[in-house]
Amino acid sequence: MAEAMAETKTKAQEGAQRNGTDVTAERMERFSKDELRGFLRDMLLFRRFEEKAEEAYAIGKIGGFCHLHIGQEAVALGLIGPLREDDYVISAYREHTQALAKGLEAGPVMAELYGRDGGVSRGKGGSMHLFDAERRFMGGHGIVGGQTALAAGLGWSIRYREGDQVCVCFLGDAAVNQGAFHESMNMAAIWKLPVIFVVENNAYGMGTAFERVSAVPVVERGEGYGIPTHAINGQDILETWSFMEELAEEVRSGAGPQYVDARTYRFKGHSMSDPVSGTYRSKEEVSEKKEREDPITVLRDHLFEADLLSQEELEEMDAEVRAVVDEAAEFADDSPFPADEELYTHVYSELNEHGRLFLDGRDR
Amino acid sequence: MPEITYREALNQALAEELERDDSVFLMGEEVAEYDGAYKVSKGLLERFGDRRVVDTPISELGFAGLGVGAAMTGLRPVIEFMTFNFSILALDQVINSAAKMYYMTGGQISCPMVFRGPSGAALQLSAQHSQAAETWYVHSPGIKLVTPGTPADAKGLLKASIRDNDPVAFMEGELLYNVKGEVPDPEDGDFVIPLGKAEVKREGSDVSIITHGKMVHLALQAAGKLEKDGVSAEVVDLRTLRPLDVEAILKSVHKTNRAVYLEEGWPYVGIGSQIVALIQDEAFDYLDAPVVRVTQADVPMPYAKNLEKLAKPDVNRVVAACDRVLYRD
Ligand SMILES: Cc1ncc(C[n+]2csc(CCOP(=O)(O)OP(=O)(O)O)c2C)c(N)n1
Ligand SMILES: [Mg+2]
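Residues numbered from 1 in each chain as written. Chains lettered and ligands numbered in written order. Predicted model: local features only at pLDDT ≥ 70, side-chain atom pairs only at ≥ 80, totals over all residues. Heavy atoms only, no water.

With that settled, consider the interface of chain A and chain B. Each side of the interface is counted separately: chain A has 46 residues, and chain B has 41 residues. Linking chain A with chain B are 2 salt bridges, by the criterion used here. In this structure, Glu 33 of chain B engages Arg 212 of chain A in a salt bridge whose closest nitrogen and oxygen atoms are separated by 3.5 Å. Here chain A is connected to chain B by 21 residue pairs in polar contact (both at pLDDT 80 or more). Listing elements by their share of the side of chain A that touches chain B, those giving two or more residues are helix 6 (106–113) and helix 9 (210–213) of chain A. Class assignment for the residues of the side of chain A that touches chain B results in 21 nonpolar, 16 polar and 9 charged. (Contact = heavy atoms within 4.5 Å. Salt bridge = Lys/Arg side-chain N within 4 Å of Asp/Glu carboxyl O. Polar contact = N/O pair within 3.5 Å; in protein donor to acceptor, adjacent residues only side chain to side chain. Helix = DSSP H or I, 4+ residues; strand = E, 2+ residues; numbered from the N terminus. Nonpolar A, V, L, I, M, F, W, Y, C, P; charged D, E, K, R; others polar.)

Below, the structure written as structure tokens:
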């Protein structure tokens, strides 16, 4: 992409020049040069990581369902980056980059996708079930909407222990049609739980456009629970990051649950086995979104514009993250498959002295 | 007879029943515009329109319950679960509403409907997406359970299930959709297989491998392997687990005096538990060895390729089980 990045100004940049340069400049002032370049670097890392996963999937190193986050990087980085280490994040199955944003290392995350012993979940979970208890990344859940109730529980625990952490719960737009989501929103509201529900609104659930399965827009689905509602541009890291910086502090000081409609777009197919476009969205729609709303090019252009980054520096940055990703893939490759005995570990945390836990008779 | 895939067989069955009876409709996630997550409903929207083929929100409990309500008024919903893993969200409506309705209304209201979709493991889909759901469904009286393993069975049994006046859970297999087999030409008349009839998929005299669903193929492979060893294995495919063809099970055990139950799911209160109990109840004196079960390892399905392979039942385990009941091990 570095090559592609050298090309002429994007539409976003032209627009910014016509009427928004001042606004953008003002928004950028919040951040230091290093911070801004850090944002670009991290989003590039996410992108390269997912591209590597795509490659590895194609040659069979990764199996099963694999959902890429390409196009949605500014949501992961901007809404997780400003959090504290002891804040909780919980998500669905499109969670690779969210895990990276919460500080999980690329190597063990890739190793999990490879199903290796060195993976964050010891190779038992795979792409959809990344977990890191220490870093408070609570998964990685495969049942649409299921994690929203767990998020209420994480929020409950924070309140119970009188902590000032927050829990950020990601869900897809299609997940707002699950009962669990509604029950969880209501419980979060009545018990004032410190949970920020973020709908990663990429407009589709698999091959179904949101407006086909909801009578009202995503943003209105939080209303009726007495939970403050926000809509943000998920393709703009300046916006997502600043937004979360403020919101997390409010929730820390007792503002209670929040509902966020983060508007974004998925550049790839639903999973590795689904087409990028088809009956549900056109090729043109996807390429237009990629051209105008790629969170990485949007930020890159801002940085170019403000002379905070040169083409050369960008290329260096890209080389650096590529090296990180290559190393991650090497780490995954070098990590052994779990030993056969691991089949029966981690089913129960304690093996009883009495009675038989496993009834398959294979130990006889 | 034409050879078609399991997927095409299901598609034919759906199309023919939609055509035959206006009270039949198909509802589920991605069934209409996307042609089904596994393309089972390909072309049905175009042919029957969106009154009969309906995309839903991701609201399993909701649309399963909607189906029950519609069935209470005599419609014949076919509710598709993208996979039966997600049907766990809907189990309340399946068990508490559909399965109980006829009984608790004293026979006033029945629920003629089908819950269908793939069940069991595919490849590396990990713990939440690889579960064989039979036991959850078969446990409750009031609902029937059908598990076809071949294209012909898929077609004939789906048509019977849609026509059945009780709720039927119909479990397919993601790894079966591309399997090919002979299915009678639709031109040659209505092809319906009644529920409750097992089929001997391979005759044998030394040992009975009794099984259902996609494990039929594994059983046949094992029987082939055993044959080379001079062992004649019979493969009994139950096809429907409720109603259960007890006669067919007993008949085979009377003949071979040795039985193995093979299933995809977990052992604890698995389908095999019931079959073993049944055989010892009704054919104890015919047995020359205790019945042995082959199941998935008693653990959630791991993601890692090597562990997944270990967890699943395989040909060698089936052969070993047969050797054991034949005292050849
Ligand atoms: C309960 C349940 N039903 C169905 C599925 C199959 N499924 C997986 S992802 C998905 C679409 C979800 O879309 P959305 O919530 O918008 O998230 P996105 O994939 O766009 O990130 C579906 C139907 C599932 N995993 N869980
Ligand atoms: Mg979506």
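Having put the structure on the table, let's press on.
The subject of this paragraph is the packing of helix 3 (residues 33–58) of chain A against helix 4 (residues 73–80) of chain A. Residue and element names in this part refer to chain A. Closest axis-to-axis distance for the helix 3/helix 4 pair is 10 Å, and the angle between their directions is 130°. Relative to helix 4, the element helix 3 lies oblique. Where helix 3 crosses over helix 4, the two elements pack in a sense that is right-handed. Residues Phe 39, Asp 42, Met 43, Phe 46 and Arg 47 of helix 3 touch helix 4, and the partners they reach there are Glu 73, Ala 74, Ala 76 and Leu 77. Across the contact of helix 3 with helix 4, the residue classes tally to 6 nonpolar, no polar and 3 charged. (Axes fitted to C-alpha atoms, helices over the stretch in contact; angles between N-to-C directions. Parallel < 35°, antiparallel > 145°, perpendicular 65-115°, else oblique. Left-handed = near helix turned anticlockwise from the far one by under 90°.)

As a further point, take the coordination of the magnesium ion (ligand 2). Residue and element names in this part refer to chain A. On the protein side, the magnesium ion (ligand 2) has Asp 173 (OD), Asn 202 (OD1) and Tyr 204 (O) as donor atoms, found 2.1 to 2.2 Å from it. Between consecutive donors of the magnesium ion (ligand 2), the numbers of intervening residues give the motif D-x28-N-x1-Y. Placement of Asp 173 in the loop between strand 3 (167–172) and helix 8 (179–190) and of Tyr 204 in strand 5 (residues 204–205) is noted, with a sequence separation of 31 residues between them. Just as Asp 173 is buried, Tyr 204 falls in that class too. (Donors = N, O, S within 2.8 Å, 3.2 Å for Na, K, Ca; no water. Buried < 20%, exposed > 50% of the residue type's maximum accessible area, 1.4 Å probe, protein only.)

In the vicinity of ligand 1 there are 21 residues, among which Tyr 93, Arg 94, Gly 142 and Asn 202 of chain A together with Glu 60 of chain B approach most closely. With respect to ligand 1, its neighbouring residues span chains A and B. Contact with the protein chains hides 95% of the accessible area of ligand 1, taken as 580 Å² for the molecule alone. Looking at the shell around ligand 1 residue by residue, the classes come out as 10 nonpolar, 7 polar and 4 charged. (Near = heavy atom within 4 Å. Areas by Shrake-Rupley, 256 points an atom, 1.4 Å probe, with all protein chains shown as cover.)

Glancing now at the domain arrangement of chain B. Residue and element names in this part refer to chain B. In terms of domains, chain B is made up of domain 1 (3–188) and domain 2 (199–325). Between the C-alpha centres of domain 1 and domain 2 the distance comes to 26 Å. Between domain 1 and domain 2, the contact holds 32 residues from the first and 26 residues from the second. Taking both partners together, domain 1 and domain 2 bury about 2,300 Å²; carbon and sulfur atoms supply 56% of that area. Counting the surface domain 1 buries against domain 2, the share from its top three residues, Gln 124, Val 138 and Thr 147, is 25%. (Domains from an automatic or database assignment. Buried area = accessible area lost by both parts, 1.4 Å probe.)

Bringing the pattern of salt bridges into the picture now. Residue and element names in this part refer to chain B. Per the stated rule, a full pass over the model turns up 57 salt bridges over all chains. Arg 116 serves as the salt-bridge partner of Glu 172, at 2.6 Å between the closest nitrogen and oxygen. Of this pair, Glu 172 sits in strand 7 (residues 168–172) while Arg 116 is found in strand 5 (residues 114–118), placing the two residues 56 residues apart along the sequence. Shared partners join several salt bridges into a network, and the residues in it are Glu 16, Glu 17, Arg 20, Lys 155, Lys 159, Arg 163 and Asp 190.

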